[in-house]
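Survey of secondary and tertiary structure
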Amino acid sequence: MIVLDQDDLHTAGSAIIGCRLGNRRSSHERRQSGIRKVSFRVRIPISVSDPISTGTQEPSARETSADLPQAHGRRIVAALALLILVAFQVSLVAAAERQPTRLPELAGQVSILADPTSTLTLQEILDPARQLQFHPVRGADINFGYLGSAVWVRLTPKGGAAPQAILSLTPNFLDEIDVYTAAPGAMPDAGNFVRHEMGDHRPLPRDGLSGLDNAVRLEFRPGVPTEVYIRIFNTNSSTHLNLQLGSVEERGRHAAAIASIFGIWFGGMGALCITQLVFFYFDRKAQYPLLAFSTLGIILIYMGNLGYSHVYLFPGNGAANDIFIGFNAWAGLVASALAYSSILDLRHKAPLLHRIYQLATVMGLIGIVFAFRGENTFFGPVGTIFSILMALINMVQGLRQMNDEGAASRLRAAAFTALCIGASLSMTQRLGIFLMPDWTVHGYGIAGLVLTILLTGALAIRLRTAEVLNSRMREDALETAQAAEQVAHRRVAEQTRELIAARQVAEDALRAEKASQLLQVRFLEVISHQYRTPLAAIRSSIDSIGLALAPDDVPNRNRIDRIRRAIARLVEMLEINQARSRLQGPSFRPQIVRASAGPIITSAFQRARDLLNGPEIHLSMQPDAAAASIMADAGMLELAIVNLLENAVKYTALKGNTPVGLSLAIQGTDLIIDVTDRGIGIPADDLAGVFANTTRGSNAESVEGSGLGLFLVDKIVRAHNGRIAIDSIENEGTSVRITLETAPA
């Protein structure tokens, strides 16, 4: 910390910015009493091992990787503070050790005259009657607030030991400044005065004296008053004037000291602005770029207030410089309102205050409009008062939240408190309150620097805390993932064992099913074989009886014919069922050879007609189709057609005796086999699954059947690389189409 005595503080303030503090002692009184050497007692506690307190326990070893943002924040703050401290101390010591030249005193020699018409000339001002209208002011700081009209200032310093001095006039964003100087003791006539034109609405002076301040050279003679008249005309901002006399010899050092202080301020603010953008790179939250824009707004405001914009950007365009200053002032209000609302998280924590900050944003936008219209003087007082209220709200809300996030929230509270004090001082002075000393105009700049440093530090701590939390979350997530991986490994092992067991069960069931199917096939083969011998004996006996019957014994011969047909049907049924059993079992091995389509269809037609009782079957074959060759297993394909005809006859008989159709046609290279009936049909909802094993239509439950017919047909057709399609309408009939490719010649 830095400890200054009260008198040392007055001396330091005068040496740095030429401002009068406390009892406003004049420079003459200070020189008479002697310049005491400024002493500093600097105590900078530094602890390498102690981290910045965050209101929580010291982070563990695994959190050290997240300390980088906080470390950078501490280094930046420490470097800026040390830089400011060194520059401050060097300038104070240099000012204290220099032997000043005695200069005339301005205190008590300044008086002012308002010019509401803004048309008075120097000759009119020199009129004795007009001279009586001047009013003396205390000190050399003059503040008119938002005036909008011209004002005259009269100086009558008496010469001392110094023959010359430099009169400096600040600030340098006033529109027009006319300084009229005359030789010491000159008669009050306009012809005896030299006019010096200054102001940001005029080109930069070329006399070599003025840079970032308006300055003129004055001549003095001991005991003789030197009259100086200053006309100020400012229409787009508040009007205040600080007058200082400095020696010609010390002007260079004074300008260098002021430039150093301003350079440190601008450099510090620029570094903080960049730091905030760097924070945004690590943590993509809106508060970082918003604070950076707010910091940039403060920088641009002081670029205008200190005259840099007039010197470097708009040396010949005063209106543009006024717009630049006004725009940055109100844009700064917009950026600050958005930034502070985001930092304080008012959207969630204080919705009502968030609306007030939105109103501040609107006020800033309105101020921008007035700035571009050149009417900032009209809206300036309203916006200034509102800005003071917003600074107070910032401080109150910051204090309310000062314990929410440990050290980060306490730094925010201190930052907003500094802002409230500095902004209130500067803006109150801007409103034209004469009791406010001139140095308060710099309160906002100092507070802005302190605010930005503290808020940047708070964001650094917050970012560091977030990094620590993220590190913990990553470690917890890793531990959870590892635990989940172990559980998954166990589950996979369990599922693998279950799948192996299930596969074993399925393989056992499949083997059992195959064995059952094989037994069924063998059983049917045995039955067929066992039935064939007695059936052959019966057929032989019937044939013998037929030979013995008389030719005219018609009734007995008819009985014998029916017995022959019954024996043939029984044999056919045994053969078909035996073939079906082979198709379902492991013996399904199609023997694909070249065959003619006509004989296969004719054989299937004959077998179905011999096997089935019911509606007639009509056969239709195109000659080209009958002669076509296909690659097929004739027996399997014949069985598929018999199954389709069996279904057609069986379900047609439920409605009547309408014939069933079997047709063979050829289309290009495709052979088309159609089986159609006018039976009960298949419900639309059942069509999708009719080719599944043991599946039957919901309207066929009363009909005897196993649901294997269409399943076997589909299986045979796919074995021949063919296609099968079914079209059916319930209670109207069914059509099944088999499409096979013809064999090339």
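Keep in mind that what you see is a predicted model, and the values were worked out from it rather than measured.

Topic: the side chain of Ser 294
Assignment of secondary structure puts Ser 294 in helix α7 (residues 287-305). By relative accessible area, which is 2% here, Ser 294 ends up buried. Setting aside residues up to four positions removed in sequence, Ser 294 forms contacts with Ala 335, Ser 336, Ala 339 and Tyr 340.

Notes on the confidence of the model for the protein
Per-residue pLDDT for the protein has a mean of 77; in total, 77% of the residues score no lower than 70. A low-confidence stretch, residues 1-69 stays under pLDDT 50, and its non-local contacts, those more than four residues away or across chains, total 110 contacts.

Comments concerning a nonpolar patch on the surface
A cluster of nonpolar residues, Ile 274, Val 278, Tyr 281 and Phe 282, forms a patch on the protein surface that exposes about 440 Å² of accessible area. With respect to the element layout, Ile 274 can be found in helix α6 (residues 251-282).

Observations concerning unusual backbone geometry
Of note, the bond from Thr 170 into Pro 171 is cis; its omega dihedral lies within 30 degrees of zero at 5°. For Pro 171, the location among the structural elements is in the loop between β7 (164-170) and β8 (176-181). Of note in this structure, Asp 345 is not a glycine but carries a positive phi near 55°. Within the element layout of this structure, Asp 345 appears in the loop between α9 (318-343) and α10 (346-349). Judged by its relative accessible area of 27%, Asp 345 falls in the partly exposed class.

Considering the packing of aromatic side chains
For the structure on display, the rule yields 13 aromatic pairs. With a centroid separation of 5.2 Å and an interplanar angle of 75°, the aromatic rings of Tyr 340 and Phe 416 are classed as edge-to-face. With a gap of 76 residues between them, Tyr 340 in helix α9 and Phe 416 in helix α13 (residues 407-430) connect regions that are remote in the sequence. Across the pair, Phe 416 and Tyr 340 agree in class, each one buried. In textbook terms, an aromatic cluster arises when at least three aromatic residues are bridged by ring pairs, as seen for Trp 265, Phe 266, Tyr 302, Tyr 308 and Tyr 312.

Section: the sheet that holds strand β6 (residues 150-155)
Pairing between sheet strands relies on hydrogen bonds along the backbone, with the strands arranged either parallel or antiparallel. Pairing is antiparallel across the open sheet formed by six strands, whose spatial order is β4-β3-β6-β11-β8-β9. Of all strands in the sheet, those with a lone pairing partner are β4 (135-136) and β9 (194-198), marking the two edges. In terms of strand pairing, β6 meets strand β11 (residues 228-233) through five bridges, oriented antiparallel. Along β11, the bridge assignment pairs Trp 152 with Arg 231.

A short note on the environment of Ala 466
Tracing the backbone through its elements, the reader meets Ala 466 in helix α14 (residues 443-548). Classification of Ala 466 by relative accessible area gives partly exposed; the value is 21%. Note: C-alpha distance between Ala 466 and Asp 283 (183 residues apart in sequence) is 8.7 Å.

With respect to the sheet that holds strand β17 (residues 670-677)
Read across the open sheet, the five strands follow the order β14-β16-β17-β19-β18; overall the sheet is mixed. The open sheet has two edge strands with one neighbour each: β14 (617-621) and β18 (723-729). For this sheet, the mean inter-axis angle between neighbouring strands, taken without regard to orientation, is 15°. In this structure, β14 lies alongside strand β16 (residues 660-667), joined through five bridges in parallel fashion. Following the sheet pairing, Met 621 is matched in β16 by Leu 664.

Cut-offs used in this document
- Residues numbered from 1 in each chain as written.
- Predicted model: local features only at pLDDT ≥ 70, side-chain atom pairs only at ≥ 80, totals over all residues.
- Heavy atoms only, no water.
- Helix = DSSP H or I, 4+ residues; strand = E, 2+ residues; numbered from the N terminus.
- Buried < 20%, exposed > 50% of the residue type's maximum accessible area, 1.4 Å probe, protein only.
- Contact = heavy atoms within 4.5 Å.
- pLDDT = per-residue confidence, 0-100.
- Patch = residues over 30% accessible without salt bridge, like charges linked within 9 Å, V, L, I, M, F, W, Y side chains within 5 Å.
- Areas by Shrake-Rupley, 256 points an atom, 1.4 Å probe, with all protein chains shown as cover.
- Salt bridge = Lys/Arg side-chain N within 4 Å of Asp/Glu carboxyl O.
- Phe/Tyr/Trp six-rings, centres within 6.5 Å; stacked < 30°, edge-to-face > 60°.
- Pairing = 2+ DSSP bridges.
- Axes fitted to C-alpha atoms, helices over the stretch in contact; angles between N-to-C directions.

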